[in-house]
Amino acid sequence: MITPAFELSQDPDFLTVKIRVPYARASEFDIYFEGEDFKFYAKPYFLRQLTLPGRIVEDGREKASYNTDEGTFTIQLPKEVPGQYFEGLDMLTSLLAPKKSRSAKPLVEEMAASAELSEEDEEEFDWEIEQTPYEESTPPLQHPYGFGNLRSGVFQRLQDELSDVIDVKDPDQTPAEERRRKRLAAEAAKFEPDHYLADFFEDEAIKHLLKYKPWWIDAHKKMTALQGESHQEHDSSAFVVFSEEEREQMRKFTNKSYLLDKRSRRHVYLGLIDILLAYCYEICVNEGDKNVESSWNIRKLSATLCWLESFSSIHDVLVSFGRRVLCYPLYRHFELVTRAFSDTVMILQLGKAAVLKCLLDVHKIFRESDPAYILNDLFITDYCIWIQKVKSKKLAALCESLQKATLSKSHVGLELEELEAAAVLVQEEEKALKAAGTVSKQQLLCSESETSDSEESSSTSSSETEGSDSDEQESSTSEDGEINSFQGTLQKERTAPLIDCNGLRQGTSTRAMEVGDGKSEGSLQSSTPPGKLVEELEMQIHSAMRLSEQPEGLATAGCISQEQEENPVPKADRFSEDAAGKGNFLEVSPKPNPLLFVCSTNEDED
């Protein structure tokens, strides 16, 4: 027999059961309902028994219809008490189970479970730490873990998958206190101040992630707005919609009861908060999308899943989650911790339907991750079944206690405030140094501008000086023009060629003239006797050497006439005495002197 897909809904007077039975014969079906029981049969589908949260009656108002296109039966059943609200109609797993077991052994267990549930309903749950006197006891051979600490010995059979799923080594032989000590030491060693400060100061990506709004924010707004208008409580499950895949998964769960004492129930509730916090962080940082890191994020941030931790208070849960967010994932910012905290409060306020939807999503993520499926067997499947039976007032009390809890940076024990203060001081010092560098640059620019101004003023004065020099040069040029005109008159008919330092061309009569500083020093006539001519040449050359100094120390070149060449002067006569009484030897320079030029005289003067 096949258990068909079904869903339940209600209005003030009727309970509606919609059952999907494709390929069934609509002419052959049976329906049975009485009190809180409902049964349906249409071969090959059999809905053995639904245990309803309220009573229904058979009074002639009941109706049934069949849609052949969709293959669905729709059955309307009258409520025994009109207007009564049936709670938990979307908790399909809890509705499928029989109300009581028939065998002897489960009967005892169910009775114990009923006693525990009745005790849980009657007493007010205390969320504070339970203190018990110390008692020495022989430790068990294997330490329990899992949902309600009901499992042990699981990882002895799964040693290969152990390191990929949890961080604690050999959990069966490690007591809870030692797990906690090792967890805190691992978190302290993993914390990286540089990573935290980088996310703290460069938080553009964090701000973008915090803008994301998951589905529970809109559902919470709708619920709050409706409650504000009507001033009364409304069923929060009306704002939570399960997909067909989620309904199918609920039908696949095997319903069972859990025998939990008071301490175990506290561990279960606090573990639920821890798992929801990790799930809210994952949804926020990935903006609702799933990826290969989703499974790792959830199990790594939840100490319940990663270290098999059993918490004793809500504050311990928040501190553990805050430390792990700042040590392990990609985004390590305290604002993400507070965001996950507020999201978890919203989910609990929406009721167990919202909690179940989140747990089903976690179950799917772990189911699709190869090593993490073990955590479904240890925790998530049991949570999905257990939450459907939890009383709404218990979740409301848990939510209220969570709202009263506080978490600050000083609570996580990683010296966050000291790190931030030191980093801010370093930033201020860097800003001061940059400001000082800017001032020095400005001063340097000012000094450069002053220097350029002074250079401009000096260039202006030099230009004026150059102007005066140009005027002087113009005047000297005019004087040179007069000299040149005078030389032109000397040349008259023909000009003799320049004489090199090797001697004069034959057959020419010349007159040598030396010009210094633009003025004529004198002229020699060719009619002068040879001896007299040599002495005068030596005197003129000597005075020209004093007036015009050559930079390379070149000797001033001399000129000799053809007659001197024909009648050489004795060597002793080549010395002349100056005013100081010193003799100067007349040497021939290898290069011509630019200050010397030869002017030929007229034949009449010869």
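- Going by the annotation in an unreviewed UniProt entry, the name recorded for the protein chain is Protein SHQ1 homolog, with Bombycilla garrulus given as the source organism.
- Word for word, the UniProt comment on the protein chain under Sequence similarities (unreviewed entry) is "Belongs to the SHQ1 family."

1. Regarding the overall build of the protein chain
- A tally of helices and strands in the protein chain yields 19 helices and 9 strands.
- Counting all 606 residues of the protein chain, 40% fall into the buried class.
- Taking the intrachain contacts of the protein chain between residues at least 6 apart in sequence as the baseline, contacts between residues at least 24 apart amount to 73%.
- Split by element, the accessible area of the protein chain, about 34300 Å² in all, is 50% carbon and sulfur.

2. Some points on the environment of Arg 332
- Inspection of the secondary structure assignment puts Arg 332 in the loop between helix H12 (314–325) and helix H13 (334–349).
- Setting aside residues up to four positions removed in sequence, Arg 332 forms contacts with Lys 190, Glu 192, His 195, Tyr 196, Asp 199, Val 325, Leu 326 and Cys 327.
- Here Tyr 328 takes part through its backbone oxygen, which lies 3.4 Å from a polar atom of the side chain of Arg 332.
- A polar atom in the side chain of Arg 332 sits 2.8 Å from the backbone oxygen of Pro 329.

3. Some points on the nonpolar core
- Core analysis: the largest hydrophobic core is formed by 122 residues, its most contacted members being Phe 38 and Trp 386.
- Counting contributing residues, this core receives three or more from each of domain 1 (5–86) and domain 2 (195–416).
- Look past the residues within four positions of Trp 386 in its chain and what remains in contact with it is Phe 147, Tyr 258, Leu 260, Val 268, Tyr 269 and Leu 272.

4. A word on the packing of helix H9 (residues 262–285) against helix H16 (residues 392–404)
- Close contact between H9 and H16 brings their axes to 12 Å; oriented N to C, the two are set at 60°. Classified by the angle between their axes, H9 and H16 sit oblique to one another. Between H9 and H16 lies a crossing of right-handed hand. Here Tyr 269, Leu 272 and Ile 273 of H9 lie close against H16, whose contacting residues are Lys 394, Leu 395, Leu 398 and Leu 402.
- Residues that form the contact of H9 with H16 fall into these classes: 6 nonpolar, no polar and 1 charged.

5. Thoughts on the sheet that holds strand E5 (residues 63–67)
- A sheet is described by the order of its strands in space; here 4 strands give the open sequence E1-E2-E6-E5, paired in antiparallel fashion. The two strands at the open ends of the sheet, each matched to only one other strand, are strand E1 (5–10) and E5. Adjacent strand axes in the sheet meet at a mean angle of 15°, parallel and antiparallel pairs treated alike.
- Pairing analysis gives 7 bridges linking strand E2 (residues 14–20) to strand E6 (residues 72–78), with the strands arranged antiparallel. Residue Thr 16 lies in a different strand from E6, and its bridge partner there is Gln 76.

6. Thoughts on the confidence of the model for the protein chain
- This prediction gives the protein chain a mean pLDDT of 75; 63% of its residues lie at or above 70.
- Of the regions scoring below 50 in pLDDT, residues 100–119 engages in 11 contacts with residues more than four places distant in sequence or in other chains.
- For the stretch residues 594–606, pLDDT sits under 50, and the model shows 42 contacts to residues farther than four places along the chain or on other chains.

7. Some details on the pattern of salt bridges
- In the structure shown here, the tally under the stated rule is 21 salt bridges.
- For Asp 167, the salt bridge goes to Lys 300, with nearest N and O atoms at 2.9 Å. Linking Asp 167 in the loop between helix H3 (159–165) and helix H4 (176–190) with Lys 300 in helix H10 (residues 294–301), this pair joins segments that are 133 residues apart in sequence.
- For Asp 167, a relative accessible area of 22% corresponds to the partly exposed category.
- Lys 290 is the partner of Asp 361 in a salt bridge, and the nearest nitrogen-oxygen pair spans 3.3 Å. Residue Asp 361 is located in helix H14 (residues 352–367), and its partner Lys 290 is located in the loop between H9 and H10; the two are separated by 71 residues in the primary sequence.
- What makes Asp 361 buried here is its relative accessible area of 14%.
- Taken together, the shared-partner salt bridges connect Asp 167, Arg 180, Arg 183, Glu 187, Lys 300, Glu 309, Arg 323 and Arg 324 into one network.

8. A word on H12
- Given a rise of 1.5 Å per residue, 12 residues ought to cover 16 Å, and the 17 Å separating the end C-alpha atoms of H12 matches this to within 8%.
- For H12, the tally of buried residues reaches 10 of 12 residues, placing the bulk of the element in the interior.
- Listing the buried residues of H12 in full gives Ile 314, Val 317, Leu 318, Val 319, Ser 320, Phe 321, Gly 322, Arg 323, Arg 324 and Val 325.
- Buried residues in H12 make contact with H4, H9, H10, helix H11 (303–306), H13 and H16.

9. Focus on the packing of aromatic side chains
- A complete count under the given rule lists 14 aromatic pairs for this structure.
- Ring geometry for Tyr 41 and Phe 46: centres 6.1 Å apart, planes at 70°, overall edge-to-face.
- With relative accessibility at 27%, the residue Tyr 41 sits in the partly exposed group.
- A residue is classified by how much of its surface remains accessible, and Phe 46, at 29% relative accessible area, is partly exposed.
- Through a chain of ring-to-ring contacts, three or more aromatic side chains come together here, namely Phe 147, Tyr 258, Tyr 269, Tyr 383 and Trp 386.
- Lying across the ring of Phe 86, Lys 79 places its NZ or CZ 4.8 Å from the centre.
- Directly above the ring of Trp 215 sits Lys 357, whose terminal nitrogen or CZ lies 5.8 Å from the centroid.

10. A word on the pairing of strand E4 (residues 45–56)
- The pairing of strand E3 (residues 30–42) with E4 spans 6 bridges and is antiparallel. The residue of E4 that forms the bridge with Phe 40 is Leu 47.
- Count of turn residues in the E3/E4 antiparallel hairpin: 2 residues.

11. Quick notes on the environment of Lys 252
- Position of Lys 252 relative to the elements: it lies in helix H8 (residues 244–252).
- Residues Lys 252 and Leu 92, 160 residues apart in the sequence, show an inter-C-alpha distance of 9.7 Å.

12. Observations regarding H14
- Taking 1.5 Å per residue as the helical rise, H14 with its 16 residues ought to reach 22 Å, and the 22 Å between its terminal C-alpha atoms agrees with that figure.
- Of all the 16 residues making up H14, 14 are buried; the element is thus mostly covered by neighbouring parts of the structure.

13. Focus on the side chain of Thr 93
- Position of Thr 93 relative to the elements: it lies in helix H1 (residues 92–96).
- Discounting residues that sit within four places of it in the chain, Thr 93 has contacts with Met 250, Phe 253, Thr 254, Asn 255, Ile 385 and Gln 388.

14. Quick word on the packing of H4 against H12
- Following both chains from N to C, one finds H4 and H12 inclined at 35°, their axes separated by 10 Å at the closest point. By crossing handedness, the relation of H4 to H12 is classed as left-handed. Within the contact between the two elements, H4 uses Arg 183, Leu 184, Glu 187 and Ala 188 and H12 uses Ser 320, Arg 323 and Arg 324.
- Across the contact of H4 with H12, the residue classes tally to 2 nonpolar, 1 polar and 4 charged.

The rules behind the values
Residues numbered from 1 in each chain as written. Predicted model: local features only at pLDDT ≥ 70, side-chain atom pairs only at ≥ 80, totals over all residues. Heavy atoms only, no water. UniProt positions renumbered as here; feature names shortened; annotations may be inferred. Helix = DSSP H or I, 4+ residues; strand = E, 2+ residues; numbered from the N terminus. Buried < 20%, exposed > 50% of the residue type's maximum accessible area, 1.4 Å probe, protein only. Contact = heavy atoms within 4.5 Å. Areas by Shrake-Rupley, 256 points an atom, 1.4 Å probe, with all protein chains shown as cover. Polar contact = N/O pair within 3.5 Å; in protein donor to acceptor, adjacent residues only side chain to side chain. Core = buried A, V, L, I, M, F, W, Y, C linked by side-chain atoms within 4.5 Å. Domains from an automatic or database assignment. Axes fitted to C-alpha atoms, helices over the stretch in contact; angles between N-to-C directions. Parallel < 35°, antiparallel > 145°, perpendicular 65-115°, else oblique. Left-handed = near helix turned anticlockwise from the far one by under 90°. Nonpolar A, V, L, I, M, F, W, Y, C, P; charged D, E, K, R; others polar. Pairing = 2+ DSSP bridges. pLDDT = per-residue confidence, 0-100. Salt bridge = Lys/Arg side-chain N within 4 Å of Asp/Glu carboxyl O. Expected span 1.5 Å × (residues − 1). Phe/Tyr/Trp six-rings, centres within 6.5 Å; stacked < 30°, edge-to-face > 60°. Lys NZ or Arg CZ within 6 Å of the ring centre and 35° of its normal.

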